[in-house]
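The primary structure of each chain is shown beneath.
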Amino acid sequence: MSRRRVPRLRLLFAVLLVAGCSGGAPPGPGGARWQPRPGTAWQWQLDGRADPSAADVPVYDIDGFENSADDVARLHRDGRRVICYVNAGAWERFRPDQADFPASVRGRPNGWDGERWLDIRRLDVLRPLMERRFDMCREKGFDAVEPDLLDAYLNDTGFPLTAADQLAYNRMIARVAHDRGLSVGLKNDLPQVAALVGDFDFAVNEECAQYGECGKLAPFVAAGKAVFHVEYALANGDFCGESRRLGLSSMRKRLELDAWRRPC
């Protein structure tokens, strides 16, 4: 399912080329965690199974549930790194593990059909659920995780969430990923970038140009970490200049996050 921030409530690269900058073949046992660098080109497709012919880029970010180990292996054979999209901030009625989330942690609807905010204060309940989701990503061979909705405290969730609650939850998410050898991206949560840049390996952002906030992602670029960025409403000419200046990996996508893309 496509994702974006709730407003204010709210590829074929050869292995040698990619290994020298940000991608390359997945590391063997005991290998270092993948660290994508600023400016790395990417594809983001959450609508169905990945189309490996859609974009000649070294990184694909795809839905962890809808894609199989074979899909991930196909992308790896093309020399690509693969990011596992999972929702870490909302319950989703359409996921196979939806019954594992007790009613007590499900809050208000978040604006997407079949979804409700999660009570991120309940680490005792949510950590094992997220561990199982990240285990799925690891078992399918993904290199990294994109945990969505890591900014619940900025939205009307039905729970009295604070910035401190979000910091604790986001750091837990990062530890769960790292414990499994997976890189992990900070999704949005721009007010806490400075506090979290050391915990995350890259950032994923939606619409920072539309809201005049892309400069807040500078700590990731300064740390040598990629910022994977999309805009939906703006034309490329309205944001690509700033994106290049800031070192972001930017493109325009449709809201449904199908295979179409228009990179900077």
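Whatever comes next refers back to the structure up there.
No experiment lies behind these values; they were computed from the predicted model shown.

Asks: Sorry if this is basic, but what is going on with the pairing of strand β2 (residues 59–63) here?
Replies: Here β2 lies mainly inside the structure; five of its five residues are buried. Examined bridge by bridge, strand β1 (residues 42–45) and β2 share four bridges and lie parallel to one another. Residue pairing across strands places Q43 opposite Y60, the latter belonging to β2. In this sheet, strand β3 (residues 81–87) lies alongside β2 in parallel orientation, the contact comprising five bridges. If you follow I62 over to β3, its bridge partner there is C84.

Asks: Can you help me understand the pairing of strand β5 (residues 106–109) in this one?
Replies: Residues in a regular strand point their side chains to alternate faces of the sheet. Two elements, β5 and strand β6 (residues 115–118), share two bridges in a ladder whose sense is antiparallel. Its bridge partner being in β6, R106 is matched across the sheet by L118. Hairpin connection from β5 to β6: five residues lie between these consecutive antiparallel strands, with G111 at a positive phi of about 100°.

Asks: Looking at this model, I keep getting lost on the state of the cysteines. Mind explaining?
Replies: The bond known as a disulfide is covalent and runs between the sulfur atoms of two cysteines. With the rule as written, the count across this model stands at three disulfides. Two residues, C84 and C137, share a disulfide whose sulfurs are 2.1 Å apart. A torsion of -60° about the S-S bond marks the disulfide between C84 and C137 as left-handed. Here C137 lies in helix α3 (residues 123–139) and C84 lies in strand β3, a separation of 53 residues in the sequence. There is no split in this pair, since C84 and C137 are both buried. Each sulfur in the disulfide pair C208 and C214 lies 2.0 Å from the other. Linking C208 and C214, the disulfide has an S-S dihedral of approximately 90° and is accordingly described as right-handed. Both residues of the pair, C208 and C214, count as buried. Taken in sequence order, the bonded cysteines of the protein chain link in the pattern 1-2, 3-4, 5-6.

Parameters and conventions
- Residues numbered from 1 in each chain as written.
- Predicted model: local features only at pLDDT ≥ 70, side-chain atom pairs only at ≥ 80, totals over all residues.
- Heavy atoms only, no water.
- Buried < 20%, exposed > 50% of the residue type's maximum accessible area, 1.4 Å probe, protein only.
- Helix = DSSP H or I, 4+ residues; strand = E, 2+ residues; numbered from the N terminus.
- Pairing = 2+ DSSP bridges.
- Disulfide = S-S within 2.5 Å.

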